[in-house]
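Report on the structure
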Amino acid sequence: MKATVYEGNKTFSVIDKEIKAPGNEEVRIKVAYSGVCGTDVHIYHGMMDKRVNIPVTIGHEMSGTIDALGDDVSGFEIGEKVVVRPLDDRGVKPSDKGFNHICEDLKFIGIDSPGSMQQYWNVPAFTLHKLKAETDLKLAALIEPLSVAVHDVRLSELQSSETAVVLGGGPIGLLVAMVAKETGANVIVSEVNENRIAKAKELGLNAVNPMKIDLVEYVKEQTEGRRADVVFEVAGVQPALDVMTEVAGIRGRILMVAIHGQKKEIDLFKFFWKELKLIGARVYEKEDYEKAIDLITKNELPFEEMITDVQPLSNIQKVFENIDNNPDGMKVLMDCQA
Ligand SMILES: [Zn+2]
């Protein structure tokens, strides 16, 4: 079988590898599609070389079918469509208070252990979520990032009568906006890249460029001065941190979705003045996966438009180089059987 390997130094190789039998309590998945995540790009840039075990196969946004069952696996059948929730929480302790998805000893499959950018992938059976027979496997590769969005919106407690501002219109930002809009809320996406704004509009979203308009004034106009009830910070840059406390109204909730690798400056006075709340959100829980699976299976939102490129595994090096050179793209999928 074909497998891709991250070798360090912005280099991937594609190797021929023996197909392994699944171990105890594992299944072997025939991977259909594996999406490229921002984290994968981070790994490619060498930012996580200390964490990943080079040489390593990465990837965690996937869909596939069950190809073989290891010993002591029940409830699954060969040929069933599945996705993996790539959280290995086997190290969970009572002190994690039942929040397995962010437990202290959490291992992320596809970063801390081999991932899905290969033809066949052995994973623990407890990570699987079943799909319906009719679920489109290409769209199903979006379930993992969509689950992030579902989790963020759930933790925000966004109500249909409220206004949400999404700072950052990349793949996760637009998925957050789509899920937020699905609740019935008024949603405004703030993004500086004109091509991404065009993409957001294509998805039926209201998107504006804060370099061209005054975002705070715009949101005030839209809300009779109330400003945003919920702000999703998905951009990860200082201007977004500067505006999030301005654009949030009284008792606004700010969801920290972006991963900030360094300490940043935030206007804490605004938290006092407007009684703001800052809410951290990381990955997803089982129920978020089930909701995302439901959304993808119903396919009533324009998920198809989120996929801007599909490439065979053999092109992996080019795929990552292109992502660096093209900041307009959305989701790129690797077709793992092509
Ligand atoms: Zn991801």
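Residue positions within a chain follow its written sequence, with the count starting from 1. Only residues with pLDDT of at least 70 get local features here, since the model is predicted, and only at 80 or more are side-chain atom pairs given and counted; chain-wide, interface and lining totals rely on the full set of residues. With hydrogens and water excluded, all non-hydrogen atoms of the structure serve as input to the side-chain values.

Under an unreviewed UniProt entry, the name given to the protein chain is Zinc-binding dehydrogenase, and the source organism is Maribacter algarum. UniProt positions are given in the numbering used here, feature names are shortened, and annotations may be inferred rather than shown by experiment. The UniProt entry for the protein chain carries this comment under Cofactor (unreviewed entry): "Zn(2+)". UniProt annotates the protein chain under Sequence similarities (unreviewed entry) with the comment "Belongs to the zinc-containing alcohol dehydrogenase family."

Time to look at the sheet that holds strand β12 (residues 206–208). A pair of strands counts as paired when DSSP detects no fewer than two bridges linking them. Runs of E in the DSSP output that reach at least two residues are strands. Runs of H or I that reach at least four are helices, and both are numbered from the N terminus. Pairing is parallel in the open sheet, where 6 strands are placed in the order β12-β11-β10-β13-β14-β15. Edge positions in the sheet fall to β12 and β15 (277–280), since each has one partner strand and no second. Mean inter-strand twist for the sheet, computed between neighbouring axes without regard to direction, equals 20 degrees. In this structure, strand β10 (residues 163–167) lies alongside strand β11 (residues 186–190), joined through 5 bridges in parallel fashion. Residue Thr163 lies in a different strand from β11, and its bridge partner there is Asn186. Here, residues are in contact when the closest pair of their heavy atoms is within 4.5 Å. Only C-alpha atoms enter the line fits that serve as axes; for helices the fit covers just the stretch in contact. Angles between N-to-C directions range over 0 to 180 degrees. Sheet strands touched by helix α4 (residues 171–182): β10, β11 and β13 (228–233). Its angle to β11, the strand with the most contacts, is close to 170 degrees.

A word on the UniProt feature "domain: Alcohol dehydrogenase-like N-terminal" (unreviewed entry) in the protein chain. What UniProt calls "domain: Alcohol dehydrogenase-like N-terminal" (unreviewed entry) maps, in this numbering, to residues 24–132. Within the segment residues 24–132, helix and strand shares are 6% and 32% respectively, and the terminal C-alpha atoms sit 26 Å apart.

With that settled, consider the domain arrangement of the protein chain. Interfaces are often sized by the accessible area lost when the parts come together. For the protein chain, the assigned domains read domain 1 (2–136 + 299–335) and domain 2 (148–280). Each domain span listed reflects an automatic or database assignment of domains. Between the C-alpha centres of domain 1 and domain 2 the distance comes to 29 Å. Contacts between domain 1 and domain 2 engage 12 residues on the former and 14 residues on the latter. Each partner contributes to the roughly 1,200 Å² buried at the junction of domain 1 and domain 2, and carbon and sulfur atoms together form 66% of this total. Take the accessible area each of two parts loses on contact, using a 1.4 Å probe, and add the two losses: that sum is the buried area. It is Met306, Asp328 and Met330 in domain 1 that bury the most area against domain 2; as a group they hold 43% of the surface buried on that side. Between Lys or Arg on one side and Asp or Glu on the other, a salt bridge is scored when a side-chain nitrogen of the former is within 4 Å of a carboxyl oxygen of the latter. Our count for the contact surface shared by domain 1 and domain 2 stands at 0 salt bridges. For this analysis, a polar contact is any N or O atom pair within 3.5 Å, provided that within protein one partner can donate a hydrogen and the other can accept it, and provided that sequence-adjacent residues contribute only side-chain to side-chain pairs. Where domain 1 touches domain 2, the interface holds 5 residue pairs in polar contact (both at pLDDT 80 or more). Residue composition of the side of domain 1 that touches domain 2, by class: 6 nonpolar, 3 polar and 3 charged. Residues are grouped as follows: nonpolar covers Ala, Val, Leu, Ile, Met, Phe, Trp, Tyr, Cys and Pro; charged covers Asp, Glu, Lys and Arg; every other residue, Gly included, is treated as polar.

Below, the discussion takes up the packing of aromatic side chains. The pairing test for Phe, Tyr and Trp rings, Trp by its six-membered ring, is centres within 6.5 Å, and the orientation test on the planes gives stacked under 30 degrees, edge-to-face over 60, and tilted for anything in between. The tally for this structure, following the rule as stated, stands at 8 aromatic pairs. Centre to centre, the rings of Phe269 and Trp273 are 5.3 Å apart; their planes meet at 25 degrees, and the pair counts as stacked. Note that Phe269 and Trp273 are positioned in helix α8 (residues 269–273) at a spacing of 4 residues, about one turn of the helix. Accessible area is worked out with a 1.4 Å probe on protein chains only. A residue is then buried under 20% of its type maximum, exposed over 50%, and partly exposed in between. The partly exposed category is assigned to Phe269, whose relative accessible area is 46%. Their ring planes at 65 degrees and their centres at 5.1 Å tell us that Tyr284 and Tyr289 sit as a pair that is edge-to-face. A relative accessible area of 0% means that Tyr284 is categorised as buried. Of the aromatic side chains, those joined through ring pairs into one cluster are Tyr6, Phe12, Tyr44 and Phe320.

Here the focus is the side chain of Asn193. By the secondary structure assignment, Asn193 is in the loop between β11 and α5 (194–202). Ignoring anything within four residues of it in the chain, the contact list for Asn193 reads Pro327 and Asp328.

Quick look at the packing of helix α3 (residues 143–156) against α4 now. α4 packs onto α3 with a crossing angle of 55 degrees between their chain directions and a minimal axis gap of 8 Å. The angle between α3 and α4 falls in the class oblique. Viewed along their axes, α3 and α4 form a crossing whose handedness is right-handed. Residues Pro145, Leu146, Val148, Ala149, Val150, Asp152 and Val153 of α3 touch α4, and the partners they reach there are Ile172, Leu175, Val176, Val179 and Ala180. Of the residues that constitute the contact of α3 with α4, the class distribution is 11 nonpolar, no polar and 1 charged. Roughly parallel means an angle under 35 degrees; roughly antiparallel means over 145; roughly perpendicular covers 65 to 115; every other angle is labelled oblique. With the far helix as reference, a near helix turned anticlockwise by less than a right angle produces a left-handed crossing, and one turned clockwise produces a right-handed crossing.

What follows concerns the pairing of strand β14 (residues 248–256). Along any regular strand, the residues point their side chains to alternate faces of the sheet. In terms of residue burial, β14 counts as a mostly covered element, since 7 of its 9 residues are buried. Look down the strands so they point away from you; if the path from the first strand over the helix to the second goes clockwise, the crossover is right-handed. After leaving β13, the chain enters helix α7 (residues 238–247) and then returns to the sheet as β14, a path that is right-handed. The pairing of β14 with β15 spans 4 bridges and is classified as parallel. For Ile254, the partnering residue across the bridge sits in β15 and is Leu278.

With that settled, the discussion passes to the layout of surface pockets. By rolling a water-sized probe across the atoms, one finds the places where empty space is left. Space inside the second largest pocket adds up to approximately 470 Å³. Elements that contribute at least two residues to the lining of the second largest pocket include exactly β3 (26–35) and β8 (120–124). Across the lining of the second largest pocket, the residue classes break down as 10 nonpolar, 5 polar and 10 charged. A 1.4 Å probe that fits but cannot get out identifies a cavity on a 1 Å grid over protein atoms alone, an open set with protein on both sides within 12 Å along at least five of seven lines counts as a pocket, and a residue lines either if it has an atom within 4 Å of a point. Grid points are joined across faces, edges and corners, and a volume is the space filled by probe spheres set on the points.

With that settled, the discussion passes to the nonpolar core. As used in this record, nonpolar core signifies buried Ala, Val, Leu, Ile, Met, Phe, Trp, Tyr and Cys residues forming a set joined through side-chain atoms within 4.5 Å. Core analysis: the largest hydrophobic core is formed by 90 residues, its most contacted members being Ile29, Leu128, Ile143, Leu146, Phe232, Phe303 and Phe320. Ranked by residue count, the leading element in this core is α4, at 7 residues. Within the second largest apolar cluster, 20 residues are counted, among which are Leu215, Leu241, Val243 and Ala248.

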